[in-house]
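The chain contents come next:
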Amino acid sequence: MTIASILILLGGLAVGALIVVAAVKMLRGNLSAGATTPKLEPGTDPDEEALAREALGEVRPSEPAEAARPSEPAPESTRDAYARGLTKTRAGFMAKLNGLLFGGRSLDPSLVDELEEILVTSDIGIRTAERLLGDLREKLSRKEIQDPDAVRSALKAKVGETLRSELKALDFSKKPLVIMVIGVNGVGKTTTIGKLAARFSREGKKVVLAAGDTFRAAAVEQLEVWAERSGATVVKGKDGSDPASVAFEAVEAGRRLEADVVIADTAGRLHTKVNLMEELKKVRRVIDKAMPGAPHETLLVLDATTGQNGITQAEQFAAAAEVSSIVLTKLDGTAKGGMVVAICDQLKLPVRYIGVGEKVDDLRDFEVEAFVEALFQREDGGQG
């Protein structure tokens, strides 16, 4: 046998030995036969990906396929939401109040004048401030109150008393319940409608939305987006079409579809334009023709950051549209949340909802006790 033959034989034996070793390792599961981690398509279910990686030996069967998902945060309580939403108001109002009462200032009748200034700068208004402080002035004159905490407690009690008003629950026994939403442009009217639609849909109610702000194309588009998110039905007309006709068709559609609620958006031009008020009166008349007795609720949306100008808006709208209740938006964006107190005192209109943030759940039912506690909450989290 030649040297070349011997070398070829030895080479063949070596290759054969390698093949045998590789086969043994494959049988023991220590080699993946040259396979690589699969490239899964985007959006692949995490569980499917975990199983695929486990099949390739990257995850032992005894190990979890993926890290435990974090639990969903607990829903924010009304009290916590109010405390968060009133942070700016409390920082201005309560800081000034505490500085006055606990800064060594003597408790005498002139103290009331300084308290009144604080209330007015918090958008509570002069007339409301005078009513809130009337009893306090007399008690200080008679020296019935000599403790700063007693002054704050007395003021807190008067604010709570002013905010309490009769608010009738929405009557969903009407099929459908028709809610007309009014307010000037920019107050968050269409967003409020979208949040209400989402809330009612989560409660299992069938919702129809009337895109009645036909003079503002963006309002219609915005309402369509909200409807898609909440599963509501939108009734709309052409750009610039008659808002009253859109409202009429929406109510008819609500009755035909056996909807639980119809929410009608309306035009929101400046409150100083008389034609807007006349248009709102027309929309009300047309809705009543579509369903006698409707609208059953008229919500006026006000922007809390507008302060006393919001009171003027409310007076104008209330005179034209038979306002049932108020929605106060953007309360988290102002240091003058005392506007709520002024509305309840001067207009004698109940507040139904307040907005304390941008999320869907930040449109909250107005609860007097929670509001007062949040307004008078001390920096250390205690109550005034």
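A brief report on the enclosed structure follows.

Cut-offs used in this document
- Residues numbered from 1 in each chain as written.
- Predicted model: local features only at pLDDT ≥ 70, side-chain atom pairs only at ≥ 80, totals over all residues.
- Heavy atoms only, no water.
- Pairing = 2+ DSSP bridges.
- Helix = DSSP H or I, 4+ residues; strand = E, 2+ residues; numbered from the N terminus.
- Axes fitted to C-alpha atoms, helices over the stretch in contact; angles between N-to-C directions.
- Contact = heavy atoms within 4.5 Å.
- Core = buried A, V, L, I, M, F, W, Y, C linked by side-chain atoms within 4.5 Å.
- Buried < 20%, exposed > 50% of the residue type's maximum accessible area, 1.4 Å probe, protein only.
- Right-handed = clockwise from strand over helix to strand, strands pointing away.
- Parallel < 35°, antiparallel > 145°, perpendicular 65-115°, else oblique.
- Left-handed = near helix turned anticlockwise from the far one by under 90°.
- Nonpolar A, V, L, I, M, F, W, Y, C, P; charged D, E, K, R; others polar.
- Phe/Tyr/Trp six-rings, centres within 6.5 Å; stacked < 30°, edge-to-face > 60°.
- Lys NZ or Arg CZ within 6 Å of the ring centre and 35° of its normal.

A word on the sheet that holds strand β3 (residues 233-235). Across the sheet, which stays open at both edges, the eight strands sit in the order β3-β2-β4-β1-β5-β6-β7-β8 with mixed pairing between neighbours. The strands lining the two open edges of the sheet, one partner per strand, are β3 and β8 (363-365). The sheet shows a mean angle of 25 degrees between the axes of neighbouring strands, direction not considered. Inspection of the sheet shows strand β6 (residues 325-329) paired to strand β7 (residues 351-355) by three bridges, in the parallel sense. Each residue of the ladder has a partner; that of Ile-326, found in β7, is Val-351. Sheet strands touched by helix α12 (residues 308-321): β1 (177-182) and β5 (297-303). Its angle to β5, the strand with the most contacts, is close to 160 degrees.

Within the largest apolar cluster, 105 residues are counted, with the highest numbers of intra-cluster contacts made by Leu-163 and Phe-371. Those residues in contact with Phe-371 that sit more than four places away from it in its chain are Tyr-82, Leu-86, Leu-163, Leu-331, Gly-337, Val-340, Ile-354 and Phe-366.

By the criterion of burial, β7 is predominantly enclosed, with five of the five residues buried. Crossover handedness for the path β6 to helix α13 (residues 339-347) to β7: right-handed. For β7 and β8, the ladder comprises three bridges, and the chain directions are antiparallel. Along β8, the bridge assignment pairs Ile-354 with Arg-364.

Let's shift gears to the packing of helix α8 (residues 189-202) against helix α9 (residues 217-230). Contact pair α8 / α9: the axes reach a minimum separation of 9 Å and the direction vectors enclose 15 degrees. Taken as axis vectors, α8 and α9 run roughly parallel relative to one another. Every pair of crossing elements has a handedness; the one defined by α8 and α9 is right-handed. Between α8, through Thr-190, Thr-191, Ile-193, Gly-194, Lys-195, Ala-197, Ala-198 and Ser-201, and α9, the contact on the second element is made entirely by Ala-219, Gln-222, Leu-223, Trp-226 and Ser-230. For the contact of α8 with α9, the per-class residue count stands at six nonpolar, six polar and one charged.

Moving on, we get to helix α14 (residues 368-375). With respect to burial, α14 is a largely interior element, seven of its eight residues being buried. Among the residues of α14, those classed as buried are Val-368, Ala-370, Phe-371, Val-372, Glu-373, Ala-374 and Leu-375. Tucked inside the fold, the buried residues of α14 contact α3 (78-85), α4 (87-101), α7 (148-163), α13 and β7.

Let us now look at the packing of aromatic side chains. Between two aromatic rings, the relevant description is the distance of the centres plus the angle of the planes. With the rule as written, the count across this model stands at four aromatic pairs. Seen in terms of ring centroids, Tyr-82 and Phe-371 are 6.5 Å apart; in terms of plane orientation they differ by 80 degrees. Their pairing is edge-to-face. Separated by 289 residues along the polypeptide, Tyr-82 in helix α3 and Phe-371 in helix α14 bring together distant segments of the chain. Classification of Phe-371 as buried rests on a relative accessible area of 0%. Every member of this aromatic cluster is reached through a ring pair, and the members are Tyr-82, Phe-366 and Phe-371. Seen from the ring of Phe-172, Lys-205 lies directly overhead, with NZ or CZ sitting 4.5 Å from the centre. Of note, Arg-229 hangs over the ring of Trp-226, and the distance from its end group to the ring centre comes to 5.1 Å.

Counted residue by residue, β5 has seven buried out of seven residues, so it is predominantly covered. Burial along β5 is two-sided: Glu-297, Leu-299, Val-301 and Asp-303 facing one way and Thr-298, Leu-300 and Leu-302 facing the other are all buried. In terms of strand pairing, β1 meets β5 through four bridges, oriented parallel. Bridge pairing in β5 links Val-181 to Leu-299.

The subject of this paragraph is unusual backbone geometry. Here the amide bond leading from Lys-175 into Pro-176 is cis, since omega sits at -5 degrees, within 30 degrees of zero. Take Pro-176: it is sitting in the loop between α7 and β1. With omega at 0 degrees, the peptide bond leading from Ala-294 into Pro-295 counts as cis. Considering the arrangement of structural elements, one finds Pro-295 in the loop between α11 (274-290) and β5. Positive phi outside glycine occurs at Lys-143, with the angle close to 55 degrees.

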